Amino acid sequence: MPKGYADGPAAEEAERRLEELERGGPEAAAREERVAVYGSTEDEPERHFLGWRDDVDPDELFASGKAWGITVVRATV
């Protein structure tokens, strides 16, 4: 009887990757979390990426009127 998809190499690879991630393997270490700032501007009224929190001050953008509808989110890069 042939092996099913759940018993084949794809399942073995998925299980190996899951175990590696649980141990904090190279894929987990390669990902970095950063804080992104999104909002709207006069030039681009649709919500879009304004910059990284390290480089952009959302309070200053809002207070100056340069951007509104500002959202700060964690992003994995």
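In this text, all values refer to a predicted model and were calculated from it rather than measured experimentally.

Basis of the calculations
Residues numbered from 1 in each chain as written. Predicted model: local features only at pLDDT ≥ 70, side-chain atom pairs only at ≥ 80, totals over all residues. Heavy atoms only, no water. Helix = DSSP H or I, 4+ residues; strand = E, 2+ residues; numbered from the N terminus. Buried < 20%, exposed > 50% of the residue type's maximum accessible area, 1.4 Å probe, protein only. Contact = heavy atoms within 4.5 Å. Areas by Shrake-Rupley, 256 points an atom, 1.4 Å probe, with all protein chains shown as cover. Phe/Tyr/Trp six-rings, centres within 6.5 Å; stacked < 30°, edge-to-face > 60°. Pairing = 2+ DSSP bridges. Axes fitted to C-alpha atoms, helices over the stretch in contact; angles between N-to-C directions.

(A) A look at the overall build of the protein chain. Across its full length, the protein chain carries three helices and three strands. Starting at the N terminus and walking to the C terminus, you meet the elements of the protein chain as α-α-β-β-α-β. For the protein chain, with 77 residues in total, the buried portion stands at 19%. Pairs at least 24 residues apart make up 46% of the contacts formed inside the protein chain by residues separated by at least 6 positions. Within the structure as shown, the protein chain displays about 6100 Å² of accessible surface, and the carbon and sulfur contribution to it stands at 50%.

(B) Region of the structure containing the packing of aromatic side chains. The tally for this structure, following the rule as stated, stands at two aromatic pairs. Ring centres of Tyr38 and Phe49 lie 5.7 Å apart, and the angle between their planes is 70 degrees; on these two criteria the pair is classed as edge-to-face. One end of the pair, Tyr38, is in strand E1 (residues 33-40); the other, Phe49, is in strand E2 (residues 48-52), with 11 residues separating them in the sequence. Residue classification places Phe49 among the partly exposed positions, given a relative accessible area of 37%. The interplanar angle of 70 degrees and the centroid separation of 5.1 Å between the aromatic rings of Phe49 and Trp52 together place this pair among those described as edge-to-face.

(C) Broad picture of the sheet that holds E2. Pairing within the open sheet is antiparallel, and its three strands lie in the order E2-E1-E3. A single partner strand is all that each edge strand has here, and the edge strands are E2 and strand E3 (68-76). For this sheet, the mean inter-axis angle between neighbouring strands, taken without regard to orientation, is 35 degrees. In terms of strand pairing, E1 meets E3 through seven bridges, oriented antiparallel. Across the sheet, Tyr38 pairs through a bridge with Thr71, a residue of E3.

By themselves these figures say nothing about function.
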